[in-house]
Amino acid sequence: MTASRNNPGVAHENGSIESSHGHLKNVLRDELLLRGGRDFEDLAAYRRFIAEVVGRRNARNRKRIEIERATLKPLPARRTTDYEEARVLVTSSGGFILRRIFYSVPSRLIGHRLNVHLYDDRLDCFLGSTQLLTLRRGRPPQGSGKHGHVIDYHHVIHALRKKPMALLNLVYREQLFPRRAYVRAFEALLAKGSDKQACRTMVDLLALAHDRACEGELAHAIDVDLDAGGLPDLDRLRDRFKPDRAVIPHIVVDLVPLSAYDELAAVSAPTTGLVCRGGVA
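### Some thoughts on unusual backbone geometry
Here comes step 1: Despite not being glycine, Arg-100 shows a phi value in the positive range, around 65 degrees.
Here comes step 2: Examined against the element boundaries, Arg-100 turns out to sit in the loop between strand E2 (95–98) and strand E3 (101–104).
Here comes step 3: Notably, Ala-213 is not glycine yet its phi reads approximately 50 degrees, a positive angle.
Here comes step 4: Tracing the sequence through the fold places Ala-213 in the loop between helix H7 (195–212) and helix H8 (215–227).
Here comes step 5: You can call Ala-213 exposed: its relative accessible area is 68%.

Spelled out as structure tokens, the structure:
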């Protein structure tokens, strides 16, 4: 390919290319004003919004694209490498640092080196050629040299059970809570009780969400208690989310009397006499 707007390696000539980025940002800003807000239900909804805006802008180039489409070759049979590769070491802290972001991983990976495929929205982590887990990609705080954190409470809950008070001064404590309800619960516990009891209760709540896989349902129950002006009742919540005994089958084993084995032994005992044509020898 031959460049027609700038020369490779000459940074000050990139304006004709990068200016379209600035125009797109201005269009997005205007569209958000017309929309009346910047809040979206989820990432997929925001991506649909971006796709609609970009699609309308690209419609003016449709005729030229159709002319070039006739000469395009078929796409490759395999997907191209659309990620960056990195190799990281899992430290004794139970995670690794990549691009100024600390990512937590299961403690069993401490001391191992992972191959990471870095995408725009996620990290695929491999041990050798085996993919172990996928992590959400984090972004460092803008305007500061501080590190960001992507923390999964499932990875650190076992260590917090041993030292609940560590929760009080964790650097990534805000990123540890999976939902807003858990943040509210910890704030209410600190306001109405001692730091030690608040940390112990909060760790027990996270452990309950981990053990019973009830993160969403537990968050709703916590919100109900807090909206009523009370604190989460740990004993009641444990009883509510305990395993259902009805799903555990009751198995009755009928033991065979030992005398039955004597009868089987007598039946299968070999005969001691030899049978001849003329009788028993």
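### Digging into the pattern of salt bridges
Here comes step 1: All chains considered together, the criterion is met by 16 salt bridges.
Here comes step 2: Between Glu-66 and Arg-69 there is a salt bridge whose closest N-O contact spans 3.5 Å. Placement of both Glu-66 and Arg-69 in helix H3 (residues 62–69) is noted, with a separation of three residues, approximately one turn of the helix.
Here comes step 3: On the basis of relative accessibility, which here comes to 43%, the residue Glu-66 falls in the partly exposed class.

### Notes on the nonpolar core
Here comes step 1: In terms of nonpolar packing, the biggest core is built from 36 residues, with Tyr-182, Met-202 and Leu-218 touching the most fellow members.
Here comes step 2: Those elements that place two or more of their residues in this core are helix H4 (153–162), helix H6 (180–192), H7, H8 and helix H9 (234–240).
Here comes step 3: Element by element, the count of residues in this core is highest for H7, at nine residues.

### Things to note about a nonpolar patch on the surface
Here comes step 1: Together, Val-256, Leu-258, Tyr-261 and Leu-264 give the surface a local cluster of nonpolar side chains, amounting to about 470 Å² of exposed area.
Here comes step 2: Here Val-256 shows up in the loop between H9 and helix H10 (259–268).

Parameters at a glance
Residues numbered from 1 in each chain as written. Predicted model: local features only at pLDDT ≥ 70, side-chain atom pairs only at ≥ 80, totals over all residues. Heavy atoms only, no water. Helix = DSSP H or I, 4+ residues; strand = E, 2+ residues; numbered from the N terminus. Buried < 20%, exposed > 50% of the residue type's maximum accessible area, 1.4 Å probe, protein only. Salt bridge = Lys/Arg side-chain N within 4 Å of Asp/Glu carboxyl O. Core = buried A, V, L, I, M, F, W, Y, C linked by side-chain atoms within 4.5 Å. Patch = residues over 30% accessible without salt bridge, like charges linked within 9 Å, V, L, I, M, F, W, Y side chains within 5 Å. Areas by Shrake-Rupley, 256 points an atom, 1.4 Å probe, with all protein chains shown as cover.

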